[in-house]
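# Fold and contact review
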Amino acid sequence: MITMDNIIREGNPTLRSVAKEVALPLSNEDIKLGEDMMEFLHNSQDPVKAEELGLRGGVGLAAPQLDISKRIIAVHVPNGDLENPEPTLSAVMYNPKILSHSVQDACLGEGEGCLSVDREVPGYVVRHNKITLSYVDVSGIKQKIRLKNYEAIVVQHEIDHLNGVMFYDHIDSENPYALKDGVLVIE
């Protein structure tokens, strides 16, 4: 089971390296890693389990954050509706790749955080508002999906980890809350 002790923190060189493609067909080891990553996200979002295991809440996790240089991400985005707790996006993605993106940019009003960063980093992290993405699912089937708003931002954050990019690399160091005209701020 993955805990916070397994997650490497900023300063570790793996977080600044480009991860390697996952070999297909998927190995049992890579499938198990994806399952473990998803289990971590579920546990981190469960208030009782998170407290019991000392987990910070997360909606995404990338293999490089576990010091594993492979292009694997897990995302589990809850919809915030207690009546219908079905997530808006829940997938383990192998070799995810952004095929296209919108001209429109967006950012989260409260900024971004990261399980590998143990400090507040103020500022807007500007990303594409919409993306078209391809990836291989756990069954080895190639998928293509379109995402927008929060889900698109989460996936871009995780894909950045596969490319050695940290979220704060996107923040304007001179003026962290500067935004160009037309950037959508998602609250």
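What you see is a predicted model; the values in this text were computed from it and never measured. (Residues numbered from 1 in each chain as written. Predicted model: local features only at pLDDT ≥ 70, side-chain atom pairs only at ≥ 80, totals over all residues. Heavy atoms only, no water.)

## With respect to the nonpolar core
- Judged by nonpolar contacts, the single largest core of 21 residues is most densely connected at Ile7, Met37, Phe40, Leu61, Leu66, Ile72 and Tyr94.
- When contributions to this core are tallied by element, the ones reaching two or more residues are helix 1 (28-45), strand 2 (72-77) and strand 3 (89-101).
- Of the residues forming this core, the biggest block, 5 residues, is contributed by helix 1. (Core = buried A, V, L, I, M, F, W, Y, C linked by side-chain atoms within 4.5 Å. Buried < 20%, exposed > 50% of the residue type's maximum accessible area, 1.4 Å probe, protein only. Helix = DSSP H or I, 4+ residues; strand = E, 2+ residues; numbered from the N terminus.)

## Comments concerning the sheet that holds strand 6 (residues 130-136)
- If you trace the 5 strands from one edge of the open sheet to the other, you get 1-2-3-6-7, paired in antiparallel fashion. Where the open sheet ends on each side, the last strands, each with one partner, are strand 1 (60-62) and strand 7 (142-148). For this sheet the average axis-to-axis angle between neighbouring strands, irrespective of direction, equals 40°.
- The sheet contact formed by strand 3 and strand 6 spans 5 bridges and is antiparallel. Within strand 6, the position partnered with Tyr94 by the bridge is Val136. (Pairing = 2+ DSSP bridges. Axes fitted to C-alpha atoms, helices over the stretch in contact; angles between N-to-C directions.)

## Here we look at the sheet that holds strand 8 (residues 184-186)
- Across the sheet, which stays open at both edges, the 3 strands sit in the order 5-4-8 with mixed pairing between neighbours. Looking at the sheet topology across the chains shown, the edges are occupied by strand 5 (127-128) and strand 8.

## Comments concerning the UniProt feature "active site" (unreviewed entry) in the protein
- In this numbering, the UniProt entry assigns the feature "active site" (unreviewed entry) to Glu158.
- Here Glu158 is to be found in helix 3 (residues 149-162).
- When near neighbours in sequence (up to four residues on either side) are disregarded, Glu158 contacts Gly60, Leu61, Ala62, Gln65, Ile73 and Val75. (UniProt positions renumbered as here; feature names shortened; annotations may be inferred. Contact = heavy atoms within 4.5 Å.)

## Remarks on the UniProt feature "binding site: Fe cation" (unreviewed entry) in the protein
- Look at the UniProt record and you will see "binding site: Fe cation" (unreviewed entry) annotated at Cys114, His157 and His161. These residues run over 48 residues, yet every pair of their C-alpha atoms falls within 10.3 Å of each other.
- In this structure, Cys114 sits in the loop between strand 4 (105-108) and strand 5.
- Looking at the element boundaries, His161 is found in helix 3.
- Ignoring any residue separated from it by four or fewer positions in sequence, one finds His161 in contact with Leu15, Ser17, Ala62, Pro64, Gln65, Cys114 and Met166.

## Concerning the pairing of strand 3
- Pairing of strand 2 with strand 3 involves 6 bridges; the strand directions are antiparallel. Each bridged residue has a counterpart across the sheet, and for Val75 the counterpart in strand 3 is Ala91.

## Quick look at helix 3
- The end-to-end C-alpha distance of helix 3, which contains 14 residues, comes to 21 Å, matching closely the 20 Å that a straight helix rising 1.5 Å per residue would cover.
- With 12 of 14 residues buried, helix 3 lies mostly within the body of the structure.
- One or two steps after helix 3, the chain reaches Gly164, where phi turns positive at roughly 75°. (Expected span 1.5 Å × (residues − 1).)

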